[in-house]
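Residue-level structural notes
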Number of protein chains: 2
Amino acid sequence: MASIPTATVGRLVTYLRALAELEEEQSEKTSSDELARRAQVSAFQVRKDLAYCGRFGTRGSGYQVAVLVRELRRVLGLTRPWHVAIMGMGRLGQALADYPNFDQYDFLLRGAFDADARKVGMVVGSMTVAHVDALPEAVTRDAIDLAFLTVPAGAAQSAADALIAAGVRGILNFAPTMIDVPDGVRVEPVDFLAGLQRLTFHMGARASEAAVSP
Amino acid sequence: MASIPTATVGRLVTYLRALAELEEEQSEKTSSDELARRAQVSAFQVRKDLAYCGRFGTRGSGYQVAVLVRELRRVLGLTRPWHVAIMGMGRLGQALADYPNFDQYDFLLRGAFDADARKVGMVVGSMTVAHVDALPEAVTRDAIDLAFLTVPAGAAQSAADALIAAGVRGILNFAPTMIDVPDGVRVEPVDFLAGLQRLTFHMGARASEAAVSP
């Protein structure tokens, strides 16, 4: 398999979401034009991105939705369930516990943790909040792979350290700070401020000579 | 100014966050190596990305933090305050109303709206929740530029339509669905599922022949 640029990975995820919509609409076939429209990129970009994932689609007759879904899931590592814990059960952690659609891609919420004893025992969504001291045992018992880090910035590094010590190897970091992790652990930031800044970049660009590549 | 690739925009945002940390530490100078370490990319990538923003830094002597912050803010459209509304005051909307750091980059929360009359009048952070019917008047009165869309998927398109009709031109979309917007309106998705999928792509890649470009 060719090496896949990070920006392409982000778009593959978007195509997979568009394909889920097509599946809901019971469409069996699609085209690069259709995917481009739904993902708000060019059809050329769609074809270029999908070429990283192998050869499918027949010239002029488009793509089989089911085949494309299967190949994108394979490329994105979505061929087995992933067990996810939520670390930090404030409003954001609670919102995530109730967020729909995670299980659609086999992301299964398997634990909710907080350092605040007053939150322990609280039921949110399908989970009961446990104390962080229970983390090592829970990670092993429930085969937890990934965690949402939803603690305040000041607590993020120590909470991440606790997750990693317990055996978690992937962290989706919602805390508004960067965290250091050892080799072998992956962090993806979910940065609301960064989303706003991408927005203002594009909005500002319309009013200046700056332009964005397709 | 040269055209700036979308992936570069995302990294510029990350460098700006790293620079904010350096400012907090009262560092006056930095280097591509230092920024690379904090942003978890290569120093070559940092130099290449910053080259899109103009010429600064003297060979061998690094960058002035304050100069770099000013230039990145200019490129990212952060030279004036942006007024932001929150549309949908469930747990996620409430979490965002309390999220720190937005005002650090002059994103000023200026309204909180919900279609549920029972939420109207609720005080969250510095705001009192208003009914969506009040949106058109509020957008004009408070010069609201941007909105967080934090409603359920099924309500996302109609809520976005209401925002756009009221004059909002940029939407950070937290709803787990894609929305259609007219030309002249920009949407940036904040997709928790996509974050998980980027994570599993990178974690899966270690166990297969797939590799990620630097």
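Heads up: these notes are all about the structure in this document.

Calculation rules
- Residues numbered from 1 in each chain as written.
- Chains lettered and ligands numbered in written order.
- Predicted model: local features only at pLDDT ≥ 70, side-chain atom pairs only at ≥ 80, totals over all residues.
- Heavy atoms only, no water.
- Least-squares fit on C-alpha atoms with pLDDT ≥ 70 in both.
- Contact = heavy atoms within 4.5 Å.
- Buried < 20%, exposed > 50% of the residue type's maximum accessible area, 1.4 Å probe, protein only.
- Helix = DSSP H or I, 4+ residues; strand = E, 2+ residues; numbered from the N terminus.
- Pairing = 2+ DSSP bridges.
- Right-handed = clockwise from strand over helix to strand, strands pointing away.
- Salt bridge = Lys/Arg side-chain N within 4 Å of Asp/Glu carboxyl O.
- Buried area = accessible area lost by both parts, 1.4 Å probe.
- Polar contact = N/O pair within 3.5 Å; in protein donor to acceptor, adjacent residues only side chain to side chain.
- Core = buried A, V, L, I, M, F, W, Y, C linked by side-chain atoms within 4.5 Å.

The next point concerns the relation of the copies chain B and chain A. Superposing chain B onto chain A takes a rotation of 180° combined with a translation of 0.0 Å along the rotation axis, leaving an RMSD of 0.0 Å. Within this description, the copies of the chain are treated as partners about a two-fold rotation axis. Both copies share a contact surface, since 99% of the interface residues of chain B are interface residues in chain A too.

What follows is about the pairing of strand β4 (residues 107-114) of chain A. Residues and elements named next belong to chain A. With six of its eight residues buried, β4 lies for the most part within the structure. Here strand β3 (residues 82-87) runs beside β4; their pairing, made up of six bridges, is parallel. When the sheet's bridge partners are listed, Val84 is paired in β4 with Leu109. In this fold, the crossover linking β3 to β4 by way of helix α5 (residues 91-98) has right-handed handedness. With three bridges connecting them, β4 and strand β6 (residues 127-131) associate as parallel partners. Across the sheet, Ala112 pairs through a bridge with Val129, a residue of β6.

Taken as a whole and assessed by the stated rule, the structure comprises 32 salt bridges over all chains. Put simply, Arg38(A) and Glu21(A) hold a salt bridge, and the shortest N to O gap is 3.4 Å. Of this pair, Arg38(A) sits in helix α2 (residues 32-39) while Glu21(A) sits in helix α1 (residues 6-24); the two residues are 17 residues apart in sequence, bridging distant segments of the chain. In this structure Glu21(A) comes out as buried when scored by relative accessible area, which is 18%. Close ionic contact of Asp49(B) with Arg11(B) constitutes a salt bridge, the shortest N to O distance being 2.6 Å. With Asp49(B) in helix α3 (residues 43-51) and Arg11(B) in helix α1 (residues 6-24), the pair connects residues that are 38 residues apart, well separated along the chain. A single salt-bridge network, built from bridges that share partners, covers Glu21(A), Glu25(A), Glu34(A), Arg37(A) and Arg38(A).

A separate point is the sheet that holds strand β9 (residues 186-189) of chain B. Residues and elements named next belong to chain B. The strand order β5-β6-β4-β3-β7-β8-β9 describes an open sheet built from seven strands, whose pairing is mixed. Looking at which strands have only one partner, the edges of the open sheet turn out to be β5 (123-124) and β9. Relative to strand β8 (residues 170-173), strand β7 (residues 146-149) is paired through four bridges, and the arrangement is parallel. Looking at the pairing, Leu149 lines up with Asn173 of β8.

Turning to the interface of chain B and chain A, a few remarks are in order. Chain B puts 73 residues into the contact, and the matching count from chain A is 72 residues. Here chain B meets chain A over a buried area of about 6800 Å², counting both sides, of which 65% is carbon and sulfur. On inspection of chain B and its partner chain A, the count reaches six salt bridges. The partner of Arg198(A) in a salt bridge is Glu188(B), with the nearest N and O atoms 3.0 Å apart. In this assembly, chain B and chain A are joined by 18 residue pairs in polar contact (both at pLDDT 80 or more). Looking at the side of chain B that touches chain A, the elements with two or more residues in it are α1, α2 (32-39), α5 (91-98), β7, β8, β9 and α8 (192-205) of chain B.

Residue and element names in this part refer to chain B. Turning to its location among the elements, Asp114 is positioned in strand β4 (residues 107-114). Within polar-contact distance, the side chain of Asp114 engages the backbone nitrogen of Asp116 at 2.8 Å. Setting aside residues no more than four positions away along its own chain, Asp114 makes contact with Gly88, Met89, Gly90, Lys119, Val120, Val129, Ala130, His131 and Val132.

Examined against the element boundaries, Pro152(B) turns out to sit in the loop between β7 and α7 (153-166). In this structure, the C-alpha to C-alpha distance between Pro152(B) and Thr177(B), residues 25 residues apart in sequence, is 8.9 Å.

Moving on, we come to the nonpolar core. Grouped burial of nonpolar side chains is what soluble globular proteins tend to show. By size, the foremost hydrophobic cluster in this structure holds 108 residues, and its most contacted members are Phe192(A) and Phe192(B). Those residues in contact with Phe192(B), other than ones at most four positions away along the chain, are Leu96(A), Tyr99(A), Phe102(A), Leu172(A), Phe174(A), Val190(A), Phe192(A), Leu92(B) and Phe174(B).

Fair warning: the whole summary comes from geometry, so function is off the table for now.
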